[in-house]
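# Report on the structure
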Amino acid sequence: MDALQVIASATEIVSGMVGAISSLEQASRNLDEAPRRIQSLSDFVYDLENLTRRIKQKHAYKLHNPQLDYQIQSLSSLIERLHPNISKARRIVSKSRAKNLAKVVWTSVAGDPLEKLINSIRNDLNWWLESQRLAGSVEKVIESTAKTIPVRLKIKPEQGYPISSKCKFIRTSLEHDSSNRVILIVGLSGIGKSCLARQVAADPPMKFVDGGVELGFGQWCSRAACNGSKDEYQRRLARKICKFLVQIGFWKKIWDENSGDLEYMCCLLQEALYGKSILILLDDVWEQDIVERFAKLYDNNCSYLVTTRNEAVYEITEAQKVELNKDDVKEISKAILLYHSFLSEEEVPGVAESLLERCGHHPLTVAVMGKALRKEIRAVKWEKAIIDLSTYATCAPGPVSYVNEKEAENTLTIFRSFEFSLEAMPEDSRKLFIALASLSWVEPVPEACLESVWSVVGQENLFPLVVCKLVEGSLLMKTDSFPLYHVHDMVSLYLDCKTNDSVKILFSESSPEGIAFISPWLLTFGKETVKQIAEERTELCIGALEDKHAAITLDAIIQAVMASKSISELEASRASFSSILGPRIEKLISSNSQDLIAVTAEAITMIFSKTDYQMYFPSLEFTDAIDKLVSTLEGCEDPMIQTNMSIVLAKLAEFGSPDMVHKVLQSILINQLADLLSPNNEEWHGSVLTTLMSLIKTGKSNAIERMYALEIDKSLIKLLENGSEVVQHHAIVTLKAFYEVGGPPANGFLEPSNLNLLPWQVRLSLERFVFSDKSIIPLAPKPQSFEDLILKLLDNDIKQVVEAMQDLIPIVEKAGDAGIRNMILQSPLIKRLSELLQCGRSEKNSMKSESAFLLTKLACSGGEPCIKKFLEHDIIPELVKLMHCNVPELQDSSYMALHQMLFSNGGVLIINRVLQMGLIEKLAHSLEGRSMKTREVNMHCILDIVELGNKACLERMLSLQVVEKFVRIEKASGGSGETLAGFLRGIDKCKNLLTAERKVMKQQVVRKAKAALKGHKLEVHILAALDACLTEGSKGAGSSSSAGRQRK
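Per chain, the residues get numbers from 1 upward, laid out in the order the sequence is written. Only residues with pLDDT of 70 or above have their local features reported here, since the model is predicted, and side-chain atom pairs are shown and tallied only from 80 upward, although totals for entire chains, interfaces and linings are computed over all residues. Side-chain descriptors were evaluated using all non-hydrogen atoms of the structure, hydrogens and water having been removed beforehand.

### Observations concerning the overall build of the protein
Selection criterion: Per the convention used, a helix needs a DSSP run of H or I reaching at least four residues, while a strand needs a run of E reaching at least two, with both numbered from the N terminus. Residue burial is assigned from relative accessible area. The probe radius is 1.4 Å, only protein chains are included, and a residue is buried under 20% of its type maximum, exposed over 50%, and partly exposed in between. Any two residues having at least one pair of non-hydrogen atoms within 4.5 Å are treated as being in contact. The Shrake-Rupley method, run with a 1.4 Å probe, gives the accessible areas here. Residue values count only the displayed protein chains as cover.
In terms of helices and strands, the protein carries 55 helices and eight strands. For the protein, with 1048 residues in total, the buried portion stands at 54%. When contacts within the protein are restricted to residue pairs at least 6 apart in sequence, those whose partners lie at least 24 apart make up 74%. In the form shown here, the protein has an accessible surface area of approximately 46300 Å², with 50% of it arising from carbon and sulfur atoms.

### Here's the deal with the pattern of salt bridges
Selection rule: Take a side-chain nitrogen of Lys or Arg and a carboxyl oxygen of Asp or Glu: if they are within 4 Å of each other, that pair is a salt bridge.
Evaluation of the coordinates by the stated rule reveals 37 salt bridges. Between Lys 1002 and Asp 988 there is a salt bridge; the shortest N-O distance is 3.0 Å. With Lys 1002 in helix α53 (residues 995-1013) and Asp 988 in helix α52 (residues 978-989), this pair connects stretches of sequence that are 14 residues apart. Among the residues examined, Asp 988 registers a relative accessible area of 5% and is labelled buried.

### Describing the packing of helix α51 (residues 962-973) against α52
In plain terms, the rule: Geometry is summarised by axes, namely lines fitted to C-alpha atoms with helices restricted to the contacting stretch, and by angles between N-to-C directions that run from 0 to 180 degrees. Comment on the angle field: the value is read as roughly parallel under 35 degrees, roughly antiparallel over 145, roughly perpendicular from 65 to 115, and oblique elsewhere. Each residue is assigned to one class: nonpolar for Ala, Val, Leu, Ile, Met, Phe, Trp, Tyr, Cys and Pro, charged for Asp, Glu, Lys and Arg, and polar for all the others, Gly among them.
Running from amino to carboxyl end, α51 crosses α52 at an angle of 150°, the nearest separation of the two axes being 8 Å. Here α51 lies roughly antiparallel to α52, going by the angle between them. In this structure, α51 contributes Val 962, Val 963, Phe 966, Val 967 and Glu 970 to the contact, and α52 contributes Glu 978, Thr 979, Leu 980 and Phe 983. For the contact of α51 with α52, the residue count by class is six nonpolar, one polar and two charged.

### Observations concerning the packing of α52 against α53
At a minimum axis separation of 10 Å, α52 and α53 run at an interaxial angle of 170°. By the angle between their directions, the pair α52 and α53 is classed as roughly antiparallel. Residues Leu 980, Phe 983, Leu 984, Ile 987 and Asp 988 of α52 form the contact with α53, whose own contacting residues are Arg 998, Met 1001, Lys 1002, Val 1005, Val 1006 and Ala 1009. Each residue belonging to the contact of α52 with α53 can be placed in one class, and the counts come to eight nonpolar, no polar and three charged.

### What to know about the sheet that holds strand β8 (residues 484-486)
Quick note on the threshold: The criterion for strand pairing is that DSSP finds at least two bridges linking the strands in question.
Strand order in the open sheet formed by three strands is β6-β8-β7, and the pairing between neighbours is antiparallel. The open sheet has two free edges, formed respectively by β6 (445-446) and β7 (477-478), since each of these has just one partner strand. In the sheet, β7 pairs with β8 via two bridges, with the strands oriented antiparallel. Within β8, the position partnered with Met 477 by the bridge is His 486.

### So, the sheet that holds strand β1 (residues 182-187)
Adjacent strands of a sheet pair through backbone hydrogen bonds, lying either parallel or antiparallel. With respect to topology, five strands assemble into an open sheet ordered β2-β3-β4-β1-β5, the strand pairing being parallel. Only two strands of the sheet have a single partner each, and these edge strands are β2 (212-216) and β5 (320-324). Neighbour-to-neighbour, the strand axes of this sheet turn through a mean angle of 20°, independent of strand direction. Across the sheet, helix α7 (residues 165-176) lies against β1, β3 (279-283), β4 (303-308) and β5, angled at about 170° from β5, the strand it touches most.

### Observations regarding the pairing of β4
Worth spelling out the cut-off: Seen with the strands pointing away from the viewer, any crossover whose path from the first strand over the helix to the second strand runs clockwise is right-handed.
Of all six residues that make up β4, six are buried, and the element is covered over most of its length. Burial along β4 is two-sided: Ser 303, Leu 305 and Thr 307 and Tyr 304, Val 306 and Thr 308, pointing in opposite directions, are all buried. Two elements, β1 and β4, share five bridges in a ladder whose sense is parallel. Its bridge partner being in β4, Ile 185 is matched across the sheet by Thr 307. Since β3 and β4 lie parallel, the crossover through helix α11 (residues 288-295) that links them has a hand, and here it is right-handed.

### A closer look at the state of the cysteines
We apply this condition: Put simply, a disulfide is two cysteine sulfurs that come within 2.5 Å.
According to the stated counting rule, one finds zero disulfides in the structure shown. The thiol sulfur of Cys 953 is not disulfide-bonded, and the nearest other cysteine sulfur, from Cys 990, lies at 8.2 Å. Residue class for Cys 953 comes out buried when judged on its relative accessible area of 0%.

### Some points on the packing of aromatic side chains
Geometrically, a pair of aromatic rings is defined through the distance of the ring centres and the angle of the planes. Heads up, the rule is: Working definition: a ring pair exists when centres of Phe, Tyr or Trp rings (six-membered ring for Trp) sit within 6.5 Å. Plane angles under 30 degrees give stacked, over 60 give edge-to-face, the rest tilted.
Taken as a whole, this structure holds 10 aromatic pairs when the rule is applied. Ring centres of Trp 521 and Phe 525 lie 6.2 Å apart, and the angle between their planes is 25°; on these two criteria the pair is classed as stacked. Pair noted here: Trp 521 and Phe 525 are both in helix α23 (residues 512-525), with a separation of four residues, about one helical turn. On the basis of relative accessibility, which here comes to 1%, the residue Trp 521 falls in the buried class.

### Let's talk about helix α30 (residues 625-634)
Among the 10 residues of α30, seven are classified as buried, and the element is accordingly described as predominantly covered. Of all the positions in α30, only Ala 625, Ile 626, Lys 628, Leu 629, Val 630, Thr 632 and Leu 633 are classed as buried. Contacts made by the buried residues of α30 are with α27 (585-589), α28 (594-607), α31 (639-654), α32 (658-667) and α33 (670-676).

### Describing helix α9 (residues 230-247)
The condition is simple: To estimate the expected span of a helix, count its residues, drop one, and scale the result by 1.5 Å.
With 18 residues, α9 ought to run about 26 Å at 1.5 Å a step, and its terminal C-alpha atoms sit 26 Å apart, in line with that. Where α9 is concerned, the buried positions are Tyr 233, Arg 236, Leu 237, Ala 238, Lys 240, Ile 241, Cys 242, Phe 244 and Leu 245. In this fold, the buried residues of α9 make contact with β2, α10 (262-272), β3 and α11. At the exit of α9 stands Gly 249, carrying a positive phi of roughly 85°.

### Description of the confidence of the model for the protein
Here is the rule we go by: pLDDT runs from 0 to 100 and stands for how confident the predictor is about each residue.
Looking at the protein, pLDDT values average 77 and 78% of them are 70 or higher. Per-element confidence in the protein ranges from a low mean pLDDT of 39 for helix α55 (residues 1041-1047) to a high of 92 for α23. Low pLDDT, under 50, characterises residues 1-7; the stretch is placed with 25 contacts to residues that sit more than four places away or in other chains.

### Side note on the environment of Val 45
Along the chain, the position of Val 45 falls in helix α2 (residues 34-58). Residue classification places Val 45 among the buried residues on the basis of a relative accessible area of 2%. Taking the C-alpha atoms as reference, Val 45 lies 9.3 Å from Leu 78; in sequence the two are 33 residues apart.

### Some words on the environment of Val 348
Position of Val 348 among the secondary structure elements: in the loop between α13 (326-341) and α14 (352-358). Overall, the relative accessible area of 10% leaves Val 348 in the buried class. Remark: the alpha-carbon pair of Val 348 and Trp 382, spanning 34 residues in sequence, is separated by 9.6 Å. Beyond its immediate stretch of four places on either side in the chain, Val 348 contacts Lys 334, Leu 338, Leu 343 and Trp 382.

### Details of the side chain of Asn 300
The condition that has to hold: Identification of polar contacts relies on pairs of N or O atoms within 3.5 Å, with a donor-acceptor requirement for protein atoms, meaning one able to donate a hydrogen and the other able to accept it, and with residues adjacent in sequence counted only if both atoms are side-chain atoms.
Along the chain, Asn 300 falls in the loop between α11 and β4. Polar side-chain contacts of Asn 300 include one of 3.0 Å to the backbone nitrogen of Cys 302. Leave out the neighbours within four places in its chain, and Asn 300 touches Arg 181, Leu 273, Gly 275 and Lys 276.

### Section: the pairing of β1
For β1, the tally of buried residues reaches six of six residues, placing the bulk of the element in the interior. Residues Val 182, Leu 184 and Val 186 line one face of β1 and the alternating positions Ile 183, Ile 185 and Gly 187 line the opposite face, and both faces are buried. Pairing of β1 with β5 involves five bridges; the strand directions are parallel. Bridge assignment links Gly 187 to a residue of β5, and that residue is Leu 324.

Following this line, the structure appears as structure tokens:
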């Protein structure tokens, strides 16, 4: 809501309150009515408070301007004046009737107190309304003021970290010393470098008129984390700069096509900071060239605060170095201790000073110890903590890899604080923390991985309580938007020292079942040294050990793959596991264990790509794989196993020889698939229809005959009548393939009444299978008649052209006939329609609309040959251009034409052209347009592309922030959630995604939607709609992960 709208709403509310006051004045003579009237006034005030809070949130980054702040505060002032008077009025009318009777006598002498309050409230309201009238239009004044004020970027300061003298020193240096643009803050890990820098940047000197901004790098953005790969390091650094450009408002979104070119991104960075005055915090820098790239930018008044513990970065000669040491943090260490221990100055034991000294006043150590001693007032406990820290610091060896620390004893003290914190926790939390040392903490780790580690070392149902203790003790940090965990670099270093202990717990002390389950997780998320062990154990479990261990490992592989946060992670994980699983599928399927065969089939469907099927499936032709799969299916009643095995059998046929196709068609239990198409098995419809399509593709008429015999076509028609939108879509596609490949049966179930359920473009494709009357198949028109119409179409007279196009419609509808189609393609019809779409004059809008309609008909009936002709004449960009005009009729007709082209036989060609020409960017950008109609048609077009696109196309949409823009549309329209639900349904309908890709993609959409909706009043409502859509979609997908966990 704009500031103008807020003030307008406030004016409306206040006007309503004036009317309510008049009613209250009358109610003062009828005390039974007064409480209700006062409650109405109280509700009005509550609405005013909400409006005020909303406008403050919108302009939070501009409230540093006094004029803007004063105007917004006028509402707050009114609210403050109303609250006490309404409370007094409520107290007066709440007294008993006996007291009211006595009050009547007093009122006759001293005057009615309620009437006085009413007059006071009325005066307050009239004062505010008059102040708005005198201002002219407060809405316009506020907005005009806000527009002229530049946004001032803000950084959130660290909680529990007081402002120190070093903070004031750095701020003074920034104010008065302009010779050094870079200030390097150096010191021990955990000593508070980042906290100090945030305190400074959160309240930068006034000369930084554009505010402060923070950009974190971390070990992830270092050459070491990239295994020395220069290209990978530069790609990561470029990605960070992309994020920075979005943070400062130079970009609205990250453009993926440029995010890997570091030099180009640095040029954009130079442009973005031109003339700016920003205090930029570069946090946790590991490479010297990062600072140098920022420092060499010119024509700006920016300064840089850099935090690092890498000695190589210290060598930057033009930087002012500020070292943070024990003396600097000593002054604030006690405040940190009090904050984390939840104790006051009076409650903390006298030995607290000794504890601080033993901690070296190190902020991280103090914070960890404070949390370990939370609410502990017994001095003996504090003394024990001091003894423990001293003993450990003198006896324990220091970390070999940590070469930057100059004070080894302080480092060991920090480590001991971690152990002391662990000792204060339950044993389960201590055990989990050490076990987590096998994981790589360079990037955040998904919660599912931590839960899997815990399942090996403890009771699974206790995980939420156990991990919560580690988070409370600052040993783990959890992100809000997605269940991910990360750690402070000092904690990561401590865990590096415990890697051997963790490996011992997970691989030496665990049961064979536990090792079989945890190995795939560590292969995906473990340290490099641990990954080698995990890969060996994974291969051993699948290839050499007992069948039950192989089944557990395969189950864990499925879960680890599905824990991927993005498609790129999914691809890397899947490639790793397919190389292990592929060479062993013959042995696994030939097993005598039906459970192992079942989970192998599930893993194949989740992990294998088309390339994997082509590589590993042909070799199964001369094995008993088909017999084993069919044997397992015969006695199976589990729908998930039935669908997974049927998919594998269908893939064997698809990627096998003709003999393999014949054997699969003779063996596969199509009767089971027919049963799963019943309305009661909606959860499995998607998987079954995928299997049927694969069988039709390979078995053709032989497959169709078997399906007709089992009345599969009848089941599909029933799905058209009763299924969900996603299931109906898949049923239409399957039914169309049914009749196009095999033709209609003698006694088919598709009747004219069923055709009415289908989209008209599908109906046109299928009606020839229903109607036996040959007269409905049109004869070719006379060539001369068609030529005459073309001549009229080429005329310049608008009326003649429109008449010609209307007369051409019956001919165009018959373009399915090869003779008529060739006649159309050889004529100048399509070229002329393209020219008519480009007419600039508004009086020719009717010709544009008729042209779009003719193209719609041609796309539907003419198929791919006509689509290719459209592409030759660049009709697609012209239709997209018309979708952005200001004439609703043209927008609708151009969208319908593009829609039919997308869903025609040559639709994939349209998708490719849209991507090649960058039209997808134009569609996404238009979602933020002012015209509601433009947003509507572009939104529908994007949903069509989601349904028909591929993985690359969908990733492109996500990078263009289409989900976030859909959220804004939802907010503006009241938030039914239907737009976002349509996006999820489109992903469910997309036939170019594998099951795992579809699930990860939907998770990304929901994650983006949650982040964009956070804190909004429609959040709960819209997310509930998305949850319902996910539940519906999963019914068609046959989710396997939950079932896998049950088997484990």
